[in-house]
Amino acid sequence: MKILFLQKRCLFPPMTGGQIRTLNVLRHLARWHEVTYLCNWLPGDDDFRTEMEELGVTLETIPWREAQRGSFGFYAGLAANLVSRYPFNVNKDYDQRLQRRAQQLVTEQSFDLIVCDFVQMARNAIDLNGPPKLLFQHNVEAQIFERHTRQASSIARREYMRLQWRKMQQFEGMAGRRFETVIAVSPQDARRFADEYGWDHVRVIDTAVDTDYFSPRPQEARTKNVVFVGSLDWLPNEDGVRHFVRNIWPAIRSQHPDAVFQAVGRNPAPSLQALSREEGVEIVGTVPDVRPYLADAAVVVVPLLVGGGTRMKIYEAMAMRRPVVSTTLGAEGLAVEPDRHIVLADAPSDFAAATVALLDDHANADRLASAGHELVTSRFSSEAVARQFESICLDTATATCESHSPEHTSSCRNGLQPALRTT
């Protein structure tokens, strides 16, 4: 099968949940099929060209620059978006040059399928003339803005988020109908797409983790490190860390004065970095490898109040045999059993008590960590989930074959076969 894969960015270094989820699929898909990966290319991405090409993709890039979050240009873009009918992040991810190159590739080559990664990229894909199109939806994007609206701390922020919510609701509902198939990452997301947008062409894949990369490491000694891992320039993560430090952490420190909270992830804003002034708080920020921090964690926390899709950070912690405490929303869409694989707590006092209990009871923490590790390694390896993705791609491409003559249908279907298993 010959696939044109549209994404906004380079996948290395894999610092965001979206990058990691796509990488977990693409590293296998590109071994089994012929994949052309078309994306925008930021200054500095050349450092990772070799890693991208080693995935086995044919790499096509369009140079790109964007305003840094918090800069004058960033806020100017937010202001300008007030008069646009598209959401801010949809406008930000649209590039006419990338769209033209995609159409050129489709015209010149015989692709069987176009995959659009994230609905924010959909403006680049929906008008392409050529093979069937598949949308990989990592979240219900409108739902994230809805939750931001409900959690907003100021009137101005609430009203801006409300506007983005309405714009995304309209765009997301329209865009999904322009694709032959939509892939969701949880049954909850699929139901929401059906209820909100009337989509009846949604398929679901599991959340994957690279269990070779995220594997247990021996601890030299038990720590009292409480660790959060996630992109700190993604607003739900930023809000979750602030919530934890302000409303949960003081109660934990009162019971364990030597405990340390570490927030690990890319590009924390200066206002978030300032939380390091709090007792026992370290806003670690960008690191080349999160695994040493997970390995040294006594407890991994996911204190999210807003979000969508599924949180791979939970499965990654479980793969490294670390106990996890999360809000119910933080674990939304994951096949986990509370108090067997994970502890769920929503009220700040309950979240603090659950974390303290695991710091106090090493045997229970180890039991929880072992059960989570067994769940993830037995069911959610990246290759198994990539096979699910491949199957949906083949179904989508093959469905188009059925609309042609019997002779063409037979030839087309013979050319679209799943790759032989290598394991």
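On a predicted model such as this, the values are computed, not experimentally measured, just so you know.

### Observations regarding the packing of aromatic side chains
The geometry of an aromatic ring pair is captured by the separation of the ring centres together with the interplanar angle, meaning the angle of the planes.
For step 1, the next point in the chain: Taken as a whole and assessed by the stated rule, the structure comprises 14 aromatic pairs.
For step 2, the next point in the chain: Considering the side-chain rings of Y86 and F171, the 5.8 Å spacing of their centres and the 85° angle between planes classify their relative orientation as edge-to-face. Here F171 lies in helix α7 (residues 155-176) and Y86 lies in the loop between α3 (72-80) and α4 (88-92), a separation of 85 residues in the sequence.
For step 3, the next point in the chain: The class for Y86 is buried, based on a relative accessible area of 15%.

### What about a negative patch on the surface?
For step 1, the next point in the chain: On the surface, a cluster of negative charge is made up of D47, E51, E53 and E54.
For step 2, the next point in the chain: With respect to the element layout, E54 can be found in helix α2 (residues 49-54).
For step 3, the next point in the chain: On the basis of relative accessible area, E54 is assigned to the exposed category, the value being 64%.

### Re the side chain of R311
For step 1, the next point in the chain: Tracing the backbone through its elements, the reader meets R311 in the loop between β11 (297-302) and α13 (312-319).
For step 2, the next point in the chain: Buried charged residue R311 carries no salt bridge. Nearest counter-charge: E332, at 4.1 Å.
For step 3, the next point in the chain: Once residues within four sequence positions are removed from consideration, R311 is found in contact with V302, L304, L329, G330, E332 and L334.

### What to know about the sheet that holds strand β2 (residues 34-41)
For step 1, the next point in the chain: Strand order in this open sheet of seven strands is β3-β2-β1-β4-β5-β6-β7, and the pairing throughout is parallel. The outermost strands of the open sheet, each flanked by one partner alone, are β3 (58-63) and β7 (202-204). On average, adjacent strands in this sheet sit at an angle of 20° to one another, irrespective of strand direction.
For step 2, the next point in the chain: Relative to strand β6 (residues 181-184), strand β5 (residues 133-136) runs parallel, the two sharing three bridges. Counterpart to F136 in the pairing with β6 is I183.
For step 3, the next point in the chain: Against the sheet, helix α1 (residues 17-32) makes contact with β1 (2-6), β2, β4 (113-117) and β5, and its axis sits at roughly 145° relative to β2, the strand it touches most.
For step 4, the next point in the chain: Helix α5 (residues 96-108) rests against β1, β2, β3 and β4 of the sheet, and its axis sits at about 160° to β2.

Rules used throughout
Residues numbered from 1 in each chain as written. Predicted model: local features only at pLDDT ≥ 70, side-chain atom pairs only at ≥ 80, totals over all residues. Heavy atoms only, no water. Phe/Tyr/Trp six-rings, centres within 6.5 Å; stacked < 30°, edge-to-face > 60°. Helix = DSSP H or I, 4+ residues; strand = E, 2+ residues; numbered from the N terminus. Buried < 20%, exposed > 50% of the residue type's maximum accessible area, 1.4 Å probe, protein only. Patch = residues over 30% accessible without salt bridge, like charges linked within 9 Å, V, L, I, M, F, W, Y side chains within 5 Å. Areas by Shrake-Rupley, 256 points an atom, 1.4 Å probe, with all protein chains shown as cover. Salt bridge = Lys/Arg side-chain N within 4 Å of Asp/Glu carboxyl O. Lys, Arg positive; Asp, Glu negative; His and termini not counted. Charge placed at Lys NZ, Arg CZ, Asp CG, Glu CD. Contact = heavy atoms within 4.5 Å. Pairing = 2+ DSSP bridges. Axes fitted to C-alpha atoms, helices over the stretch in contact; angles between N-to-C directions.

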